[in-house]
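Observations on the model geometry
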Amino acid sequence: MLLTVHTLDDLRAATDRLGGSGTIALVPTMGALHEGHLTLVRAARAKADHVAVSIFVNPRQFGPNEDLDAYPRQLARDAALLETEGVALLWAPAPDIVYPAGYATNISVAGVSEGLCGGDRPGHFDGVATVVCKLFNQVRPDMAFFGEKDWQQLAVIRRMARDLDLTRPHVDAIHGVAIVREADGLAMSSRNAYLTPDQRCAGAALPRSMKQAIARLMQGEPSNTVLEDLRGELTSAGFGSIDYAELRRGDDLGPADSAMADSRLFVAARIGGTRLIDNMPLT
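Residues numbered from 1 in each chain as written. Predicted model: local features only at pLDDT ≥ 70, side-chain atom pairs only at ≥ 80, totals over all residues. Heavy atoms only, no water.

The protein goes by Pantothenate synthetase in an unreviewed UniProt entry, where it is assigned to Qipengyuania citrea. You can read under Function (unreviewed entry) in the UniProt record for the protein the words "Catalyzes the condensation of pantoate with beta-alanine in an ATP-dependent reaction via a pantoyl-adenylate intermediate." (UniProt positions renumbered as here; feature names shortened; annotations may be inferred.)

This part takes up the sheet that holds strand β9 (residues 274–281). Spatially, β7-β8-β9 is the arrangement adopted by the 3 strands of the open sheet, whose pairing is antiparallel. Of all the strands in the sheet, just β7 (241–249) and β9 have a single pairing partner and so form its edges. Here the strands of the sheet are splayed against their neighbours by 10 degrees on average, with no regard to which way each runs. Against the sheet, helix α9 (residues 205–218) touches β7, β8 (263–271) and β9, its axis set at about 30 degrees to β9. (Pairing = 2+ DSSP bridges. Helix = DSSP H or I, 4+ residues; strand = E, 2+ residues; numbered from the N terminus. Axes fitted to C-alpha atoms, helices over the stretch in contact; angles between N-to-C directions. Contact = heavy atoms within 4.5 Å.)

Attention shifts here to the sheet that holds strand β4 (residues 89–91). Pairing is parallel in the open sheet, where 6 strands are placed in the order β1-β4-β3-β2-β5-β6. Sheet topology places β1 (3–5) and β6 (173–177) at the edges, where each strand pairs with a single neighbour. Shown here is a sheet whose adjacent strand axes are inclined to one another by a mean of 25 degrees, direction ignored. Direction of pairing for β1 relative to β4: parallel, over a ladder of 3 bridges. Bridge pairing in β4 links threonine 4 to leucine 90. Contacts between helix α3 (residues 75–84) and the sheet are confined to β3 (50–55) and β4, with β3 contributing the most and set at about 165 degrees to the helix. Contacting β2 (24–29), β3, β4, β5 (143–147) and β6, helix α6 (residues 124–139) crosses the sheet at an angle of about 145 degrees to β2.

So, in structure tokens, the structure goes:
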């Protein structure tokens, strides 16, 4: 049976009990759960004795003009889904539990947080690193699971965990789980719910155009030409702006070209008021 807790005392009691009978895997989320989140839960269940999920809409990773107030919150629905998936513990703190009065600490991860979403969303990855570090210290899991759709976020968290020695009994392993996609290829995201039917149809151009670009890159076409064509295709499909379309190395997110084995294509584009992100390996 799923146990939902809202205070640190109740959380510690629950994790002490679970940790005494096996390993704990943490799946951090902001709620509005979809099949992508549930895939993380299933991956966690395959590796650990107990799964804990956190639901916290983190205000520190939203910019001043972003959708914090509009972000969907549906705790009862999410809890029902997690119980069906066999999750043992749901950690659902209020903002003043995570950031009590007088809170003054911030974690910043250089290098991997720069450029891509870090360039378009100043301070975003500071908010991510700070809240994930707090979640690791609160839940004290043996491992944690994150989706590869947010590849830069995953790189930031891995770097932060290494640099701050967040090893057992906190986090022994940080696992990335492959992107879960809709039938038309669009990466699953809670923000897809913001799209109108016409925008949702147009959004399928993002993964389709990325696959076409990767095929051209693998054939040796110049990356600047291919990426410029990709931008044009997205604009023609109905995207209002393209924040970035870049090739980066997958490990440290440094600049890459199509000849590199670990290269990935990263794209962020806006359709209506919704920002969609995606990434794919050059294979």
